[in-house]
Amino acid sequence: MTTTSHWVAGFRSAVLSPYEDYQLFPSRGFADQTVRQVLRLAGGGEALRVRLSNRFGKEPLTIGAARLARRTEGHGTDPETSVPLTFGGEREFTLAAGEEAVSDPVVREVSAGEQYALSLYFPHDTGLATYSVVASETGFVAPGDLTATPGLDGAELLDMSRYFVSGIDVLAPEGTAVAVAFGDSWMEGAGTTPGANARFPDQLNRRLDKGWVVNQGISGNRLLTDEVGEHALARLQRDVLDVPGVTHVLLNFGINDLGTPGTIVAPSRPPLPTLDQLIDGYTELTRRLHEAGLTVIAHTIGPYAGTIYEGYDSEEGRAIRRKVNDWIRTTDIFDAVTDVATAVEDPTDPEQILPAYDCGDHLHLNDEGTKAMAAAVDLSHLEL
């Protein structure tokens, strides 16, 4: 390790509580099982360390073994690259409820785009897992401690979520810049092809010659209201300000603030936020980011008319979206704006996603849609 290097985020996975009342997909637990999950680096360096999270657990979490290896394909790993992970020098350790842990450094050259398989063995019942709701990557579960086994033939597939993992740091040269994609499903990647690494941050990274973007999106997340996940201001410190190396933040919020209330059954259905409430939320978020010395790039709210999710689309919500977008485009509080809405809308009906960019639910973008979304970003605003 050189004295001119520092730790920065090389991969991120924003986590939420499995005990929320409003859930897109439920979490689960594990007992006497190995869980193997694929993590793709957005950037590289001369060493790495893995971050695990029991932030929302109600009981201590025992990790009996943890191992990292280059992924080959499917659940396969390259045994020549396989290394045990230690935490405070220990291969087996217990993570208290509400706590997170960072592994001891693994000294090896790693590069952007490399895929690693993280294998965790849980000897005891974990309880419901702290998790990321839409990983857009397949994981694998098998009985016993198979952390050192190259393949997990017959393993159960984890099709949707990621469990107990919050990130990887890499030891990168001083001056390496990292942008955080902070927002909802349009950041996390719902609607894109699982395993294709076609989420918006992935697509934007393909355009960058230096620096990179890490993904802190939570599908269903909102600017003003908790569930799904803590609202933007509540998770700002952990998911942005505490991210090592962060210099820029890309904001994509608001669509769920306008849509989710309509999906809640009356009489518990809350009113939609007003234009002023949303503006106040964006303004406070940006104030705190600027106070931390970060560059803020805001996204306009994408279209969602005709979505298949009952109650999500409403005339009132559409009207507020238009007003919010007009404000985002004209306000001077942000350092820059990416007009995502215009980039992906159907020109014949701007309230809808262009069919070629629609994943099929009329709410989320497909792989081509996220590519168009990334193409709308003016790279001069990032200056990574």
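To be clear, the structure that these remarks concern was listed above.
As the structure is a computational prediction, the values presented were derived from the model and not from experiment. (Residues numbered from 1 in each chain as written. Predicted model: local features only at pLDDT ≥ 70, side-chain atom pairs only at ≥ 80, totals over all residues. Heavy atoms only, no water.)

A. Looking closely at helix H8 (residues 367-375). Among the residues of H8, Gly369, Thr370, Ala372, Met373 and Ala374 are the ones counted as buried. Tucked inside the fold, the buried residues of H8 contact helix H1 (185-188), helix H2 (200-205), strand S18 (246-252), strand S19 (295-299), strand S20 (336-338) and helix H7 (340-344). With a side-chain oxygen lying 3.1 Å from the backbone nitrogen of glutamate 368, the N-terminal cap of H8 falls on asparagine 366. (Buried < 20%, exposed > 50% of the residue type's maximum accessible area, 1.4 Å probe, protein only. Helix = DSSP H or I, 4+ residues; strand = E, 2+ residues; numbered from the N terminus. Contact = heavy atoms within 4.5 Å. Polar contact = N/O pair within 3.5 Å; in protein donor to acceptor, adjacent residues only side chain to side chain.)

B. Structural detail: the side chain of threonine 370. Mapping threonine 370 onto the fold places it in helix H8. Residue class for threonine 370 comes out buried when judged on its relative accessible area of 3%. Those residues in contact with threonine 370 that lie beyond four places of it in its chain are Thr192, Ala198, Arg199, Phe200, Gln203 and Leu365.

C. Layout of unusual backbone geometry. Valine 228 follows glutamate 227 through a cis peptide bond whose omega is 10°. With respect to the helices and strands, valine 228 occurs in the loop between strand S17 (212-217) and helix H3 (232-241). Phi is positive for aspartate 32, which is not a glycine, with a value near 50°. In this structure, aspartate 32 sits in the loop between strand S1 (5-12) and strand S2 (33-40).

D. Molecular detail of the packing of aromatic side chains. Throughout the structure, instances matching the rule amount to 10 aromatic pairs. Ring plane angle 50° and centroid distance 5.2 Å describe the contact between phenylalanine 122 and phenylalanine 164, whose orientation is recorded as tilted. In this pair, phenylalanine 122 is assigned in strand S10 (residues 115-122) and phenylalanine 164 in the loop between strand S14 (162-163) and strand S15 (165-173), connecting sequence segments 42 residues apart. Considering the side-chain rings of tyrosine 282 and phenylalanine 334, the 6.4 Å spacing of their centres and the 85° angle between planes classify their relative orientation as edge-to-face. Here tyrosine 282, found in helix H5 (residues 275-291), pairs with phenylalanine 334, found in the loop between helix H6 (315-330) and S20; they are 52 residues apart in sequence, far enough to count as distant. Overall, the relative accessible area of 1% leaves tyrosine 282 in the buried class. Here the aromatic cluster, defined as three or more aromatic residues joined through ring pairs, consists of Phe30, Phe122, Tyr131, Tyr163 and Phe164. Cation over ring: lysine 58 sits above tyrosine 19, and NZ or CZ is 4.0 Å from the ring centre. (Phe/Tyr/Trp six-rings, centres within 6.5 Å; stacked < 30°, edge-to-face > 60°. Lys NZ or Arg CZ within 6 Å of the ring centre and 35° of its normal.)

E. Structural context of the environment of glycine 317. Among the structural elements, glycine 317 can be located in helix H6. Through-space distance from the C-alpha of glycine 317 to that of isoleucine 255 is 8.8 Å; in sequence the pair is 62 residues apart. With residues up to four places along the chain from it excluded, the contact list for glycine 317 reads Leu258, Leu272 and Tyr304.

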